[in-house]
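# Per-entry structural report
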Amino acid sequence: MEAMVSTVKGWQENPVKFARSHGISLSPEADQGDSENNGIHILIVEGFLIYNYKPLIDIYDKCFYISLPYEECKRRRSTRKYTVPDPDGLFDGHVWPMYLRHRKEMENNCDRIVYLDGMKSKEDTYNQVYESVHNSLLNNL
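My aim in this report is to walk through the structure given alongside it, one point at a time. Just so you know, these numbers come straight off a predicted model, no measurement behind them. (Residues numbered from 1 in each chain as written. Predicted model: local features only at pLDDT ≥ 70, side-chain atom pairs only at ≥ 80, totals over all residues. Heavy atoms only, no water.)

## Focus on the packing of helix 4 (residues 70-79) against helix 5 (residues 90-109)
Just so we agree on the cut-off: Axis lines are fitted through C-alpha atoms, for helices just across the contact stretch, and the angle between N-to-C directions can take any value from 0 to 180 degrees. A helix here means a DSSP run of H or I that spans at least four residues, while a strand means a run of E at least two residues long, and both kinds are numbered starting from the N terminus. Handedness of a helix crossing follows the sense of rotation of the near helix relative to the far helix, less than a right angle counterclockwise being left-handed and clockwise being right-handed. We call two residues in contact whenever any of their non-hydrogen atoms come within 4.5 Å of each other. Only Asp, Glu, Lys and Arg are considered charged in this grouping, and only Ala, Val, Leu, Ile, Met, Phe, Trp, Tyr, Cys and Pro are considered nonpolar; every other residue, Gly among them, is considered polar.
Two numbers describe how helix 4 lies on helix 5: the axes approach to 12 Å, and their chain directions differ by 115°. As for how helix 4 packs across helix 5, the hand of that crossing is right-handed. Taking contact as the criterion, the partners of Y70, C73, K74 and R77 in helix 4 are, on helix 5, L90, F91, D92, V95 and W96. Its residues placed into classes, the contact of helix 4 with helix 5 shows six nonpolar, no polar and three charged.

Here's what the structure looks like:
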């Protein structure tokens, strides 16, 4: 997690330089220079424990969390194909209890999370996040 904090801070200091140094292709508009004020740059940090580490929480501008009810989460997990399949009882005996534990911890650590309904379509979820980010950008101009 400390390495992730360091990586995010490196990106925040200069997104263009960071992208170049990590072999990430940039659009022609984004690749115009090295100034951190050159355009708008968005970094998406994704993971299931990203709201459980205070130093990371403190550097996020927006926090989104997609939640699913137990039944749907179990159904989706059961349709995944793993190289080594889940042993019987893993979801109920470990995965779900750990999810509940870490979610409670997350809720206690971060009060800025916008909860998204994982039962909605990908398009609806995208539109909700896009609108929120877009409004934030407009308000900061």
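## Quick word on the packing of aromatic side chains
What counts, and what does not: Geometry of aromatic contacts follows a simple scheme: Phe, Tyr and Trp rings, the Trp one being its six-membered ring, pair when their centres are within 6.5 Å, and the pair is stacked under 30 degrees between planes, edge-to-face over 60, tilted otherwise.
By the definition in use, this model includes seven aromatic pairs. Here the aromatic rings of Y70 and F91 are separated by 5.7 Å at their centres, their planes lie at 50°, and the arrangement is tilted. With Y70 in helix 4 and F91 in helix 5, this residue pair connects regions lying 21 residues apart in the sequence. Of the aromatic side chains, those joined through ring pairs into one cluster are Y70, F91, W96 and Y99.

## Considerations on the pairing of strand 1 (residues 63-67)
Moving residue by residue along a regular strand, the side chains alternate between the two faces of the sheet. Which entries qualify depends on this criterion: Classification of residues uses two cut-offs on accessible area relative to the type maximum, computed with a 1.4 Å probe and protein chains only: under 20% is buried, over 50% is exposed, and between them is partly exposed. Note: two strands are recorded as paired if DSSP finds a minimum of 2 bridges between them.
Burial runs high along strand 1: four of the five residues are buried. Direction of pairing for strand 1 relative to strand 2 (residues 113-117): parallel, over a ladder of five bridges. For F64, the partnering residue across the bridge sits in strand 2 and is V114.

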